[in-house]
Amino acid sequence: MNNILSIKNLRVRFRTKSPFQAMLQKIDDPFIDAVRKVSLDIKQGETFTLVGESGSGKSTLALATAGLLTAKEGQIKFMNEDVTNMTPSQIMAYRKKISFIWQNSIGSLSPRMSVGSLITEGYKIHNLKDRDLKMEADRLLKLVGLPTNIKERYAHELSGGQARRVGVARAIALDPKLIIADEPTAGLDVSVQGEILNLLNKLRDDLGVSLFVITHNLNIVRHISDRTAVMYLGRFVEQGQTDDIFAKPRHPYTLALLSANLTPYQKTSLENRIELTGEVPSLMDRPNGCEFHTRCPFSSKHCDNEFPPIHTFNNHQILTCHYPLN
Amino acid sequence: MKGVIKKISSDPLGLIGLCLVTLMVISALGAPIFAPYDPIQLNIMERLQGPSVNHLLGTDQLGRDLFSRVLFGGQVALKVAFLTIGLALIVGIVLGLIAGYGPAWLDNSIMLLFDTIRSVPTIMLALAAVTVVGPSITTVIFVVAVSSIPNYGRIVRTQTLTIKSKDFVKAEKLMGASLLRILSIHLLPNILGPLLILASMDIPTVIALEAGLSFLGMGVKPPTPSWGSILNDGFSLIRNTPWPIIAGSIPLVLATLGFTFLGESLRDLLDPKLRKLL
Amino acid sequence: MSDNILKIRDLSVNYQTDRGKLKALRNIDLDISRGSIVGVVGESGCGKSTLITSIIRQLDANADIPNGSIEFEKQDLLKLSLDKMRNISGTQLSIVFQDPMSTLNPVLSIGRQMIDIQYRDKTSKKIKKQRSIDMLNKVGIPDPQSQLKQYPHELSGGMQQRVSIAMALQAGPSLLIADEPTTALDATLEVQILKLLKELQVEMGCSILFVSHHLGVIAELCDHVIVMYAGEIVEQGSTYEIFNNPAHPYTVKLLECDPASISKKQRLLPSIPGEIPDLTNLSGGCIFKNRCDQSIDRCDKQTPKWNEFSNNHYVSCHLIES
């Protein structure tokens, strides 16, 4: 299968001090790396999920992929075109082929626009004059399972689930090749989140789009995702087939995340549940050596000083750790 | 629009405001029809009369009918108010959008300009302008507009800064929307509401300012009637007759109250919590 | 169930809205026995927040309580004067909210706030300060002495929540109300806070009313679970019973919807079709009837009664009546 998206050694950083402040305070490097040396491939028709805690750089990676943030280093290739180096007309074509589903479902809808004009705005932006906007709106609403009379409503008149569906309708309007979904179930009730996920899955099967899902909800990852990456302090600590990662996590952080995933039912088959102490270190003050060693229950002296090597299991499960779990 | 008027009418003060404003607009626009006399025609025989059937508000020291002068003075007041606020709004919106959406250095320069303008009192600015180009309605409009630009510009700038970081603006950018589209379709409509309320509440201030400048002889040139010049004329005769002062101040008070009530009612109406009910 | 610290009987709460009277809570009966952790679980619109705010008497101005009583430590909170209520909340009754920054004053240091809330006590500042340090120690804040000088925004989300728990427990309340205290936290921190709450509950001997929409969290922490739906309690029982032997169709479906409950990977996830009924316009009968796939004629007409499904496990459903 072809890679629809291919990211190599991506680095995204933010400025923390203005050049003037940095000069005054004699800071050489007034930046923090939110995403550090991340590489991933997403194949056509595949669901790739990214899990991690807040501040791990998940959303930054997503926004950089979508082209809203510029990368400091690295390469983003979308259908074999280099995204980081595009002419304005190429960028417009790129915008048509990727779309975004926002975590803040209501806040991502322009408040003074009706649902009908919101979901067909893409046709206007990209100058597709041959489309009958009213018919397109009806078609899209039907696809996402909303009544067509919702067209007249405004964002603040929608429930969380409805707003999320409108966001999905807008995202699929231009027949994208890749949909990036940032926390697609955030703020939704358990009884509704299944509907949204089923909808995304159905669109993937029917339209052949690839999904790049960002979430902290491990329970849904297990069901919807083909491959998963685990992010910590802006790096991927482990990535591979979702089934393998859930059945046999090799990185201690992955195991800790799975252990912290509380369920009302019998404890998952993990024999060695671990609990983390302490909190995620600040990006301004990255630990030396393995960046997880401050919280890792298995860390040794080695981990404090030396950056861990990359291990590969079964040809696909990649992780960076001195002592991978077995 | 129908809904707005209906909603305002359900608020007693809003209704009073709406009536007063409508009354003022109609009487000013219809001044040539309603006014019983020519407002600048002298009639020395009937000078300084009290109210009567012939002269509803009496006459001034030159025998001009005060009621007619009040009606025509309303024309001046409205003209000044709407042109001034309109001009200030347009320039304020443009500068505010540039400051809020543009690069930091442009933002800083525009804010510096705003602060400079705000540091000069309007009356001082008016005095300077009148000395240079002479008193006229245009001077009044220009001076008051320039001094109110910073008020609108600042609000537009803050709102732009807030809204441009919202998710829906990011979503539009991601879909490929152009700068013009984002500014005109997504930013401006969300800023306009509070701005128009502020503008409607500023109208009485401008009317009073025009009257004040005319009172000081820096506004409209005689014999053009203005509420301010009626007051000025009456001021020197206050020991002889109170009527010119009364005639000049009644419309001023009513207009101020009317626009203030209307503005407050509009504000309550557009309050986000109540907006759902519209 | 002889010694109940909180005893709610027949509590109803209405909100006056533009669309009419919204019946947010209807005839709630609830007991919390001394020293237990009771979990209230339900989705948005089920009335969890209204229940909490009516216990602490902080309901919005457009709310009224047509009937019911809330008996806490043998006195009806609804009948107390505001003065007496103020004395109870903060000493015997305290609360931890979802967002710790909403309870911490951003312009005062942690130490100042922790000393300030002991205003009822006439002892010296030194003792109060020592107490605050001890309390911070208890909630697992490293180096409490120096943390007292910090301002809330200088702490991370997890630490802020620990501080607000410390402040809530400082007066040694007999009931702690926790309103989604871990929802804003990451999973690894969530586990830490839950563990802390459990330890403190044993150590200080208080009861906890824990409100959450997260089934896993409720199961981890609570002894007893109350399931709410659209302003009513539909099922209650021990945590083990509710999660392993659910009886009310809503509870059954809710648990089925939780992707964590499905052990085998599946693409199609279950959901509960339909929406909660309009609480301004209730038609009588069972509250869940319009989304229940087993409803019978009786569900339309009659409000179901409480039935004991198994030992201490009560269900409000016609299907259970035997």
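The text that follows walks through the structure, step by step, so that each part is easy to find. Quick caveat: nothing in here was measured; it's all calculated off a predicted structure.

Thresholds, definitions, all that
- Residues numbered from 1 in each chain as written.
- Chains lettered and ligands numbered in written order.
- Predicted model: local features only at pLDDT ≥ 70, side-chain atom pairs only at ≥ 80, totals over all residues.
- Heavy atoms only, no water.
- Helix = DSSP H or I, 4+ residues; strand = E, 2+ residues; numbered from the N terminus.
- Rg over C-alpha atoms; globule rule 2.2 N^0.38 Å.
- Buried < 20%, exposed > 50% of the residue type's maximum accessible area, 1.4 Å probe, protein only.
- Contact = heavy atoms within 4.5 Å.
- Salt bridge = Lys/Arg side-chain N within 4 Å of Asp/Glu carboxyl O.
- Axes fitted to C-alpha atoms, helices over the stretch in contact; angles between N-to-C directions.
- Parallel < 35°, antiparallel > 145°, perpendicular 65-115°, else oblique.
- Left-handed = near helix turned anticlockwise from the far one by under 90°.
- Polar contact = N/O pair within 3.5 Å; in protein donor to acceptor, adjacent residues only side chain to side chain.

Side note on the overall build of chain C
Assigned secondary structure in chain C consists of eleven helices and twelve strands. For chain C, the C-alpha radius of gyration of 21 Å lies close to 20 Å, the compact-globule estimate for 322 residues. Principal-axis analysis of the C-alpha atoms places the extent of chain C at approximately 70 × 50 × 40 Å. Scored against the burial criterion, the 322 residues of chain C give a buried share of 52%. Relative to all contacts within chain C whose residues are 6 or more apart in sequence, the contacts with residues 24 or more apart total 63%.

Concerning unusual backbone geometry
Residues and elements named next belong to chain A. The phi dihedral of Lys-37 is positive, around 50°, even though this residue is not glycine. Examined against the element boundaries, Lys-37 turns out to sit in strand β2 (residues 31-43). In this model, Met-79 sits at a positive phi of 50°, which is unusual for a non-glycine residue. One can find Met-79 in the loop between β4 (73-78) and β5 (81-82). Overall, the relative accessible area of 35% leaves Met-79 in the partly exposed class.

Let's talk about the pattern of salt bridges
Residue and element names in this part refer to chain A. Under the criterion given, the structure shown has 37 salt bridges over all chains. In this structure, the salt-bridge partner of Glu-73 is Arg-11, at a minimum N-O distance of 2.9 Å. Separated by 62 residues along the polypeptide, Glu-73 in strand β4 and Arg-11 in strand β1 (residues 3-15) bring together distant segments of the chain. Under the relative-accessibility criterion, Glu-73 is labelled partly exposed at 37%. We note a salt bridge from Lys-58 to Glu-183, for which the minimum N-O separation is 3.6 Å. You can see Lys-58 sitting in helix α2 (residues 58-66) and its partner Glu-183 sitting in the loop between β7 (178-182) and α8 (190-207), a full 125 residues away along the chain. Assessed through its relative accessible area of 6%, Glu-183 is described here as buried. Because the salt bridges share partners, they merge into one network encompassing Arg-11, Asp-33, Arg-36, Glu-73, Arg-235, Arg-286 and Glu-291.

Details of the packing of helix α7 (residues 137-164) of chain B against helix α9 (residues 179-215) of chain B
Residue and element names in this part refer to chain B. The interhelical angle for the contact between α7 and α9, taken along N-to-C directions, is 160°, at an axis separation of 10 Å. Classified by the angle their axes make, α7 and α9 are roughly antiparallel. The crossing of α7 and α9 is right-handed. Residues Val-140, Val-144, Tyr-152, Ile-155, Val-156, Gln-159, Thr-160, Ile-163 and Lys-164 of α7 form the contact with α9, whose participating residues are Leu-187, Asn-190, Ile-191, Pro-194, Leu-195, Leu-198, Ala-199, Asp-202, Val-206, Leu-209, Glu-210 and Leu-213.

Details of the interface of chain A and chain C
On the side of chain C, 42 residues touch chain A, which itself brings 38 residues to the contact. The tally of links between chain A and chain C comes to three salt bridges. Residue Asp226(A) is joined to Arg267(C) by a salt bridge in which the shortest nitrogen-to-oxygen separation is 2.8 Å. Counting the contacts that link chain A with chain C gives 21 residue pairs in polar contact (both at pLDDT 80 or more). Those elements that place two or more of their residues in the side of chain A that touches chain C are α8, α9 (218-224), α10 (242-247) and α11 (252-260) of chain A.

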